[in-house]
Amino acid sequence: AERQAAADGKIYFSYAQIHAAVDNIVAPARAFNPDVIIAIGGGGFIPARMLRTELKIPILAIALELYDDNTNTRNTTVKKIQWFDETSGIGRNVRGRRVLVMDEVDDTRTTLKFAVEEIMMPTAPAAIAVAVVHNKLKPKDAELPPGITYIAGEEVPDRWNCYPWD
């Protein structure tokens, strides 16, 4: 059943609803058999941690910005705010390994495409999968490169999603 929008027109998700959607990601993620999760912050951090409980693999954190929170406008390009060092620590688990990129929502796919391409270029993982809690049912502005496994916990209408960590 489709969730009803609140009076403000937004869809609000509870932690229980997020857990249920992440549970839908577990089996396909296990089938992909990742060595590391790369969480896109801020929205991908908590779902990545939920998924890690099941997969028991390390998490790396990156932060990207497509929307400027100060002006509530969309930037013309994605900006790297935080990235990982592939030469030390968990970052060594990327080159030649299986990587699962996690975010909360696939809206325009612009950020996901940017993240995947930035991971592919310098670190050359063996394989990449993308997992999102929610895939908005709408045309996307970008396409993922060929060969990328795509996993969505739920398909949702194109509405403004509000997550419990927002």
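Summary of the structure given here. Fair warning: this is a prediction, and the values are worked out from it, not measured in the lab.

About the criteria used
- The residue numbering used here restarts from 1 in each chain and proceeds along that chain's sequence as written.
- At least 70 in pLDDT is required for a residue's local features to be given in this predicted model, at least 80 for side-chain atom pairs to be given and counted, and no such filter applies to totals for whole chains, interfaces and linings, which use all residues.
- Excluded from the side-chain calculation are hydrogens and water; included are all heavy atoms of the structure.
- Every helix listed is a DSSP run of H or I at least four residues long, and every strand listed is a run of E at least two residues long, numbered separately from the N terminus.
- The globule rule used for comparison is 2.2 Å times the number of residues to the exponent 0.38, while the radius of gyration itself is calculated over C-alpha atoms.
- Only Phe, Tyr and Trp rings are paired, with Trp represented by its six-membered ring, and only when their centres lie within 6.5 Å; those with planes under 30 degrees apart are stacked, over 60 edge-to-face, the remainder tilted.
- Each residue is placed in one exposure class: buried if its accessible area under a 1.4 Å probe, protein chains only, is under 20% of its type's maximum, exposed if it is over 50%, and partly exposed if it falls in between.
- Residues counted as positive are Lys and Arg, residues counted as negative are Asp and Glu, and His and the chain ends are not counted.
- Whenever a carboxyl oxygen of Asp or Glu lies within 4 Å of a side-chain nitrogen of Lys or Arg, that contact is scored as a salt bridge.
- Contacts are assigned to residue pairs with any non-hydrogen atoms lying within 4.5 Å of each other.

With that settled, the discussion passes to the overall build of the chain. A tally of helices and strands in the chain yields 3 helices and 8 strands. Each helix and strand of the chain, ordered N terminal to C terminal, gives the series β-α-β-α-β-β-β-α-β-β-β. Radius of gyration (C-alpha) of the chain: 15 Å, near the 15 Å computed for a compact globule of 166 residues. Its C-alpha atoms give the chain principal-axis dimensions of roughly 50 × 35 × 25 Å.

One pass over the structure, following the stated rule, counts 4 aromatic pairs. Seen from their ring centres, Phe13 and Tyr163 are 5.5 Å apart, and the 15° between their planes marks the pair as stacked. Of this pair, Phe13 sits in the loop between strand E1 (11-12) and helix H1 (15-32) while Tyr163 is found in the segment after strand E8 (161-162), placing the two residues 150 residues apart along the sequence. Of the residues examined, Phe13 reaches a relative accessible area of 5% and is grouped as buried. By relative accessible area, which is 5% here, Tyr163 ends up buried. The interplanar angle of 20° and the centroid separation of 5.6 Å between the aromatic rings of Trp83 and Phe84 together place this pair among those described as stacked. Relative accessible area serves as the criterion here: at 24%, Trp83 is assigned to the partly exposed category. Since its relative accessible area comes to 12%, Phe84 is described here as buried. Taken together, the ring pairs connect Phe13, Tyr15, Tyr163 and Trp165 into an aromatic cluster.

Residue position: Glu104 is located in strand E5 (residues 98-106). For the buried residue Glu104, which engages in no salt bridge, the nearest side chain bearing the opposite charge is Lys136, 8.8 Å off. Residues within four places of Glu104 in sequence aside, it is in contact with Gly43, Gly44, Pro47, Val132, Val133, His134, Tyr163 and Trp165.

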